[in-house]
Amino acid sequence: MRHAEQIMALALVAFSLFLMWKSSELPIGWVSGKGPGGGAFPFWLSLGMLVASGVIFWRARRRVTPQSRDENSFMGYSTFRLFVVSAGAIFVMFLGTHFVGAYVMIPLFLAFYMRFLGGHSWVVIAPIALLAPIVTFFFFEIGMKVFLPKGVTEPLFYPLYSMFF
């Protein structure tokens, strides 16, 4: 556990530095008459992540937390199996989103995850899986004007677009 904590902290430090570098391509300070620059939020958020990751690494090196004193392996077989199934389900979701769209893949992913990994009943799964794409549509597409991929299902959204735009 100890080595995994340190490795992940260092990976997050490196990722934070990369994000800070990329976000500094845009203005990160105050732009006169406009407000914060386009890179301000990602830069300062990445800086916060850098500080937190550095503290995690420092605490792991000093063996402050119980996890940093644990010499057991990071993942046993059952944990690794769960990781592979989860990563596979996410990969299938992203791949399927390209073809059939986010609004088909979101409920399918939620139903799979809740049923086969969470063990929930269909009575619990059905309303969540059906409401999630509806809430997502109204939040992203209507509220924020961010259009999610729809793949072959895009013609089904034309009536909704004519109602809201």
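Predicted model, so just to flag it, every value in this text is computed and none were measured.

Asks: Please explain the pattern of salt bridges as it appears in this structure.
Replies: In a structure, side chains of opposite charge can pair up when their charged atoms sit close to one another. Inspection of every chain in the model, using the stated rule, returns 2 salt bridges. Note that E141 is salt-bridged to K150, the shortest N-O span being 2.8 Å. A relative accessible area of 4% places K150 in the buried class.

Asks: So what exactly am I meant to see when it comes to helix α2 (residues 40-62) here?
Replies: Since there are 3.6 residues in each turn of an α-helix, residues three or four apart along the chain are aligned in direction. With 23 residues, α2 should cover 33 Å at 1.5 Å per step; its first-to-last C-alpha distance of 33 Å lies within 8% of that length. For α2, the secondary structure elements touched by its buried residues are α1 (2-23), β2 (35-36) and α3 (66-69). One or two residues past the end of α2 sits R63, with phi positive at roughly 60°.

Asks: For this particular structure, what's the right way to read the nonpolar core?
Replies: Nonpolar side chains tend to gather and get buried jointly when the protein is soluble and globular. Residues M93, Y103, I106, F137 and F157 are the most contacted members of the largest nonpolar core, which totals 13 residues. The element best represented in this core is helix α5 (residues 102-117), accounting for 5 residues. Other than its neighbours up to four places away in sequence, I106 contacts M93, A132, P133 and T136.

Asks: Got a minute to help me understand the packing of aromatic side chains in this structure?
Replies: We describe a pair of aromatic rings using the distance from one ring centre to the other and the angle between the two ring planes. Inspection of every chain in the model, using the stated rule, returns 14 aromatic pairs. Between F80 and F83, the aromatic rings sit 6.5 Å apart at their centres with planes inclined by 35°, giving tilted as the arrangement. With F80 and F83 both in helix α4 (residues 77-100) and 3 residues apart, this pair spans about one turn of that helix. With a relative accessible area of 46%, F83 lands in the partly exposed category. Centroid distance F139 to F140: 5.0 Å. Interplanar angle 85°. Geometry classified as edge-to-face. The class of F139 is partly exposed, set by a relative accessible area of 46%. Under the relative-accessibility criterion, F140 is labelled partly exposed at 29%. One aromatic cluster is present, built from ring pairs that chain together Y103, F137, F138, F157 and F164.

Reading the values: rules and limits
- Residues numbered from 1 in each chain as written.
- Predicted model: local features only at pLDDT ≥ 70, side-chain atom pairs only at ≥ 80, totals over all residues.
- Heavy atoms only, no water.
- Salt bridge = Lys/Arg side-chain N within 4 Å of Asp/Glu carboxyl O.
- Buried < 20%, exposed > 50% of the residue type's maximum accessible area, 1.4 Å probe, protein only.
- Helix = DSSP H or I, 4+ residues; strand = E, 2+ residues; numbered from the N terminus.
- Expected span 1.5 Å × (residues − 1).
- Contact = heavy atoms within 4.5 Å.
- Core = buried A, V, L, I, M, F, W, Y, C linked by side-chain atoms within 4.5 Å.
- Phe/Tyr/Trp six-rings, centres within 6.5 Å; stacked < 30°, edge-to-face > 60°.

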